[in-house]
Structure formats: C-alpha cells, structure tokens
Amino acid sequence: MTTHPNDPSLRSFIDVDPASDFPIQNLPHGVFSANGLAPRVGVAIGAYILDLWELEQDGRLDVGQPGTFAAGSLNPFMSLGPKVWSTTRARISELLRHDNPELRDNDELRKLALVPMSAAKLHLPFTVSGYTDFYSSKEHATNVGVMFRGKDNALQPNWLHMPIAYNGRASTVVVSGTKVKRPRGQLKPPNVDVPSFGPCKRLDFELEMGVVIGQPSPMGGMLTEQQAEEMIFGFVLLNDWSARDIQQWEYVPLGPFLAKAFATSISPWVVTREALEPFRLKGPEQEPVPLDYLKQTKPQNYDVALDVSLRAAGANAPAGISRTNFKYMYWSSVQQLMHHASSGCAMNVGDLLGSGTISGPEKDQRGSLLEISWNGTEPVELPGGAKRSFLEDGDSLVMRGWCQGNGYRVGFGEVEGTILPAE
C-alpha cells in the first residue's frame, strides 16, 4: 500500500465521525495510561488510542530502538529524526486502513492495542526541555500597543524586523485539564504609590499554538529555512495564562517574568507537521522585507481554525468568546526558530515555542481577554447575565483548533483549564 497518509480518500476500519478531530489523515501522538499500566506513547484515531507499545511488542512496528514507545514521553521517538517520524506515520496509517486485515482481523491484538479514550488518562506528551514564548501576531501587538502607548506608537520599532520573544518556564508547562491556581505577586495600580503583595486581580488567557521541537541544533550554529522546518516535530494548542496586573508592574525594563511563569497549558495530542502539510499557506506580507537570515522561500503558515469558549463559575454551559485562525501570524514558526538559533543558541529535543497570542483583524477574533474587554473597559457579556473583564475563580476556559479538509478535519482536541483560588 503506497497511498500517502494525508490522502483525503483514506478510510480506517475504525468508524470515525466526520466531525472527529482524529481521522486516519491526522494520527497525532500523545502519552496515555490505562488499565493500571505505566504511561506509554499512543496515537489518536477516532474515539480510540492506538497503543504503539503493544504494536512494537507484537513486531508490527519497529523504529530501530526497542522500548521507544514505553518511555512515557515522546522525546525518545522525536530524537530519531524526521525520516523515522514519516515512515512510522506511514506504517501506522497502513495498519489502520479499512482494506488491511493485519490489525483489523487480529482480534487479540486489536483488544490490546485499541484503548477507548474514555478509559484512558492523558499525560503531558513530551518532556519540555525549554519554553520560549513569542509575540508574533501583528494584530495582537498592535491592540496591546494602542491600549498602553496610543495609536501613534503601537508597534515598537524592532517588532517588524524580528520575532520578539522571552524565555519562559518549562517547569510549569502542564497538560490540558490541570487546574490552575490564581497566582500571587507584587501589584501596583497606577493610583497608589507603593506596591503590595497578593493574588492577581486581572487574570487572563492567551490563545496560542505551541511548536514542538523534535531535533537539536548545536550551540554556535545557525539554521536555514529547511533545517528549521525539519526540526519541527509538530504542534499543540497552548494557553499561556497571564497575570496582567503583575506583568504591568514587573515588565519594565526586561519583560514578563512571574506574570507568565505560574502556568502554561498545552493540549495532550501533538499533531505532526506532516499531517498539517495540506493546510499550509502563505502568511501576511512582511514589510519591510526581513533580513536575509529570516527570509522564507515557501509558505510557512497554516490554516488552523481556532475557537475559545468560557464557562463562568456556576454556569451550566460555556459560551464562545473568540474565533480566529493561526494563518494570521506575521512571523511564522520557522522564522521564530531560525531567529531563536541565530545568535548561536542551541535548541534541544523537547523545546516548546509558543506562537504568541493569536488575534485576527476583526473584533471577535481577539485572542485574550485583555483585548476582548479592551483592558476591562468593555466587559464580555455571557449567558445568564454574567460579565467578565478578566477570569474569576471557578471559571473554565477551553481552546479548540482544527484544519478543515474535504469531508474530514485534522484537529488538536482541546486544551482546558479551570481557575482555583490563590492559597
């Protein structure tokens, strides 16, 4: 069978709802546990998880390094490189096809290798080596600039010349479903003379995509466009929770610190770069033209629809508050990675790059409450009469993302987090 795993005509012997995020054209990787066994690597297919460790044990899947899928982390698999990623995905696709009896007709193996998602616990999919958060949506940066500096000085002079970023904390990257405690910090509203210490009062989310780095680069080196692209294993949904009032006081002169260090949530499934290939497109026109080391020769953005819903504390149902698209990013993930390494910074397997808040040109496409409520001056009205300028204790936020194909979608599942009171 030589059909490419991205072929829209492919069907699995497993019944997959057309609205599912996980058809045979996707096959995202994650880490799960079930039936009292230790966490291992699996692939999502419809409402099931395909246990790659069981396939490896049965001799149906061989990546050349025994035990790779029993590691409880994607890092060992990612370290094997793009050729292995691609051949493994092709083999998994082959095993799941409707016309291949190898797994379909093997009742014993099927019972071992196919685990209902409802019976599994999902874990952080990879060991996060380092975390860098970018600031690459022109619409978001402009909105924030207008709020705090005025229209005439919205974008800082360097913003159009390079992807701006800061180094975050890998230690508090958590998987979807992990509850987030309201952070504490120094607070100094403009109308008081000295700061105080206490719980954040202006807690926010940031709608982002996370880039998962699957190959290292050496200290002192630089990356070409092709090298950077080949280092990207895949993408996750990412919520970079933000304490706006702590940030406002601490960020001068060196930028965000504790306001972003308390929690960053990611989705449990890593959608591979190869699975997103049919949805690649050209990003916004870049003016001025980037310096040579940042130039791209082909489209590096992706058409990923993004949706945010908020369930207010005590409410029975969530309400949509934003809908935008990853395609709007001014600086692409490849440019972010090329820039990151350009000084000689070494990149590691398991590095995570946050895209930065993703906002579109329209008001309903804003990717943070700071923008949606325009810094609290235009509170969001929710069903039942509730209003929100920023997140309150008990609020739950869900982000979803997907690429829409012809009769199928390549999705990311969701990333959810519920706010707990500060201790």
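Residues numbered from 1 in each chain as written. Predicted model: local features only at pLDDT ≥ 70, side-chain atom pairs only at ≥ 80, totals over all residues. Heavy atoms only, no water.

Identification of the chain as fumarylacetoacetase from Bradyrhizobium diversitatis is taken from an unreviewed UniProt entry.

## Digging into the sheet that holds strand β5 (residues 121–123)
With respect to topology, 5 strands assemble into an open sheet ordered β4-β3-β2-β1-β5, the strand pairing being antiparallel. Lying at the two open borders of the sheet, with one neighbouring strand each, are β4 (114–116) and β5. Averaged over all pairs of adjacent strands, the angle between their axes in this sheet comes to 50°, without regard to strand direction. Note that strand β1 (residues 29–33) and strand β2 (residues 40–45) share 4 bridges and pair antiparallel. (Pairing = 2+ DSSP bridges. Helix = DSSP H or I, 4+ residues; strand = E, 2+ residues; numbered from the N terminus. Axes fitted to C-alpha atoms, helices over the stretch in contact; angles between N-to-C directions.)

## Section: the UniProt feature "domain: Fumarylacetoacetase N-terminal" (unreviewed entry) in the chain
Within this numbering scheme, the UniProt entry marks residues 25–125 as carrying the feature "domain: Fumarylacetoacetase N-terminal" (unreviewed entry). The span residues 25–125 is 36% helical and 21% strand by assignment, and the distance between its end C-alpha atoms comes to 20 Å. (UniProt positions renumbered as here; feature names shortened; annotations may be inferred.)

## Examining the UniProt feature "domain: Fumarylacetoacetase-like C-terminal" (unreviewed entry) in the chain
Under the local residue numbering, the UniProt record ascribes the feature "domain: Fumarylacetoacetase-like C-terminal" (unreviewed entry) to residues 131–417. Helix makes up 15% of residues 131–417 and strand 30%, and the two end C-alpha atoms of the span are 19 Å apart.

## Considering the packing of aromatic side chains
Scanning all chains against the criterion turns up 8 aromatic pairs. An angle of 85° between the planes, with centres 5.0 Å apart, marks the rings of Trp85 and Phe233 as edge-to-face. Of this pair, Trp85 sits in helix α3 (residues 82–96) while Phe233 sits in strand β14 (residues 232–239), and the two are 148 residues apart along the sequence. With respect to burial, Trp85 and Phe233 carry one shared label: buried. One aromatic cluster in this structure is built from Phe69, Phe77, Trp85 and Phe233. (Phe/Tyr/Trp six-rings, centres within 6.5 Å; stacked < 30°, edge-to-face > 60°. Buried < 20%, exposed > 50% of the residue type's maximum accessible area, 1.4 Å probe, protein only.)

## Points about the side chain of Thr357
When you line up the elements, Thr357 lands in the loop between β22 (352–354) and α11 (369–372). Here Glu206 takes part through its side chain, which lies 3.4 Å from a polar atom of the side chain of Thr357. When sequence neighbours within four positions are dropped, the list of residues in contact with Thr357 reads Ser137, His140, Glu206, Leu207, Glu208, Met329, Gly367, Ser368 and Glu371. (Polar contact = N/O pair within 3.5 Å; in protein donor to acceptor, adjacent residues only side chain to side chain. Contact = heavy atoms within 4.5 Å.)

## A look at empty space enclosed by the protein
For the structure on display, the rule yields 1 cavity of 30 Å³ or more. Estimates place the volume of the largest cavity at around 50 Å³. Lining the largest cavity are Gln300, Asn301, Tyr302, Phe326, Met329, Trp331, Ser332, Ser333, Gln336 and Ser355. Only β19 (301–302) and α10 (333–341) provide two or more residues apiece to the lining of the largest cavity. Of the residues in the lining of the largest cavity, the class split is 4 nonpolar, 6 polar and no charged. (1 Å grid on protein atoms, 1.4 Å probe; cavity = no way out; pocket = protein on both sides within 12 Å on 5 of 7 lines; lining within 4 Å. Points joined across faces, edges and corners; volume = space filled by probe spheres on them. Nonpolar A, V, L, I, M, F, W, Y, C, P; charged D, E, K, R; others polar.)

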